[in-house]
Amino acid sequence: MERRKTEGEGMLAYRSRVFGEVPVRLKVQQYQDNGCLYVGLDCMEDGCLEPFGNVTVNLPDKAPDYCGYCTYPLYLFHADRLRELCPEGMAAYEAKIRTAKKPETKEHSR
């Protein structure tokens, strides 16, 4: 994906073997069931943003090396880059994960 102005601010050029070059916008949210990071792509369709595809997969546990019919490669996301490309989504995600973390409790000794 390249960051270029395409059809609007914040749009990226995604090169697909099927569709050619598609202007997309990154979307950062949280999976509802486990609070993990969701990253998706939206594209412009008839003047409206529509879902184009998912970058992440919602797995309930650690990704297995091999799962019968497919493999799950592990990718690390650069938080600063996600903040740059989707500032509102990252701010909401980071606020939610901060509040979801339980405060550390230390035992008092006498």
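Computed from a prediction, not measured in an experiment: that's the story for all the values here.

Asker: So what about the overall build of the chain? Which residues, and what values?
Answerer: Across its full length, the chain holds two helices and five strands. From first element to last, N terminus to C terminus, the chain shows the α and β order β-β-β-β-β-α-α. Burial statistics for the chain: of 110 residues in total, 25% are counted as buried. In the chain, once contacts between residues fewer than 6 apart in sequence are set aside, the share between residues at least 24 apart is 30%. Summed over its atoms, the accessible surface of the chain is roughly 9,000 Å², and 52% of this surface lies on carbon and sulfur atoms.

Asker: I'd love a proper account of the confidence of the model for the chain, names of residues and values included.
Answerer: Detailed reading of the predicted coordinates is not advisable wherever pLDDT is low. Mean pLDDT over the chain works out to 82, with 78% of the residues at or above the 70 mark. Mean pLDDT values for the elements of the chain range from 44 in strand 1 (residues 2-3) up to 94 in strand 3 (residues 20-30). Per-residue pLDDT stays below 50 along residues 2-7; that stretch engages in 19 contacts with residues further than four places along the chain or on separate chains.

Asker: I'd like a description of the packing of aromatic side chains, backed by residues and values.
Answerer: Under the defined criterion, the tally for this structure stands at three aromatic pairs. Ring geometry for Phe19 versus Phe52: centroids 5.9 Å apart, planes at 65°, classification edge-to-face. Within this pair, whereas Phe19 is found in the loop between strand 2 (12-16) and strand 3, its partner Phe52 is found in strand 5 (residues 48-54), the two being separated by 33 residues in sequence. On the basis of relative accessibility, which here comes to 59%, the residue Phe19 falls in the exposed class. Cluster of aromatic residues (ring-pair linked, three or more members): Tyr14, Phe19 and Phe52.

Asker: Just give me the short version of the pairing of strand 2, but keep the residues and values in it.
Answerer: Pairing of strand 2 with strand 3, which is carried by five bridges, proceeds in the antiparallel orientation. By the bridge assignment, Arg15 is partnered in strand 3 with Glu21. What sits between strand 2 and strand 3 in their antiparallel hairpin is a turn of three residues.

Asker: Summarise the nonpolar core; cite the residues concerned and give the values.
Answerer: One finds Val24, Leu26, Val28, Leu37, Leu82, Met90 and Tyr93 to be the most contacted residues of the largest nonpolar core, which totals 14 residues. Sorting the residues of this core by element identifies strand 3, strand 4 (37-45), helix 1 (79-85) and helix 2 (87-100) as the ones contributing at least two each. When neighbours within four sequence positions are excluded, Met90 is seen to be in contact with Val28, Ala79, Leu82 and Arg83.

Asker: Tell me about the pattern of salt bridges, and name the residues and values.
Answerer: What the rule picks out here adds up to five salt bridges. Salt-bridge contacts for Glu84 lead to Arg81; the nearest nitrogen and oxygen are separated by 2.9 Å. Taken together, the residues span about one helical turn, with Glu84 and Arg81 both in helix 1 at a distance of three residues. Judged by relative accessible area, Glu84 falls into the partly exposed class, the value being 42%.

Quick notes on the rules
Residues numbered from 1 in each chain as written. Predicted model: local features only at pLDDT ≥ 70, side-chain atom pairs only at ≥ 80, totals over all residues. Heavy atoms only, no water. Helix = DSSP H or I, 4+ residues; strand = E, 2+ residues; numbered from the N terminus. Buried < 20%, exposed > 50% of the residue type's maximum accessible area, 1.4 Å probe, protein only. Contact = heavy atoms within 4.5 Å. Areas by Shrake-Rupley, 256 points an atom, 1.4 Å probe, with all protein chains shown as cover. pLDDT = per-residue confidence, 0-100. Phe/Tyr/Trp six-rings, centres within 6.5 Å; stacked < 30°, edge-to-face > 60°. Pairing = 2+ DSSP bridges. Core = buried A, V, L, I, M, F, W, Y, C linked by side-chain atoms within 4.5 Å. Salt bridge = Lys/Arg side-chain N within 4 Å of Asp/Glu carboxyl O.

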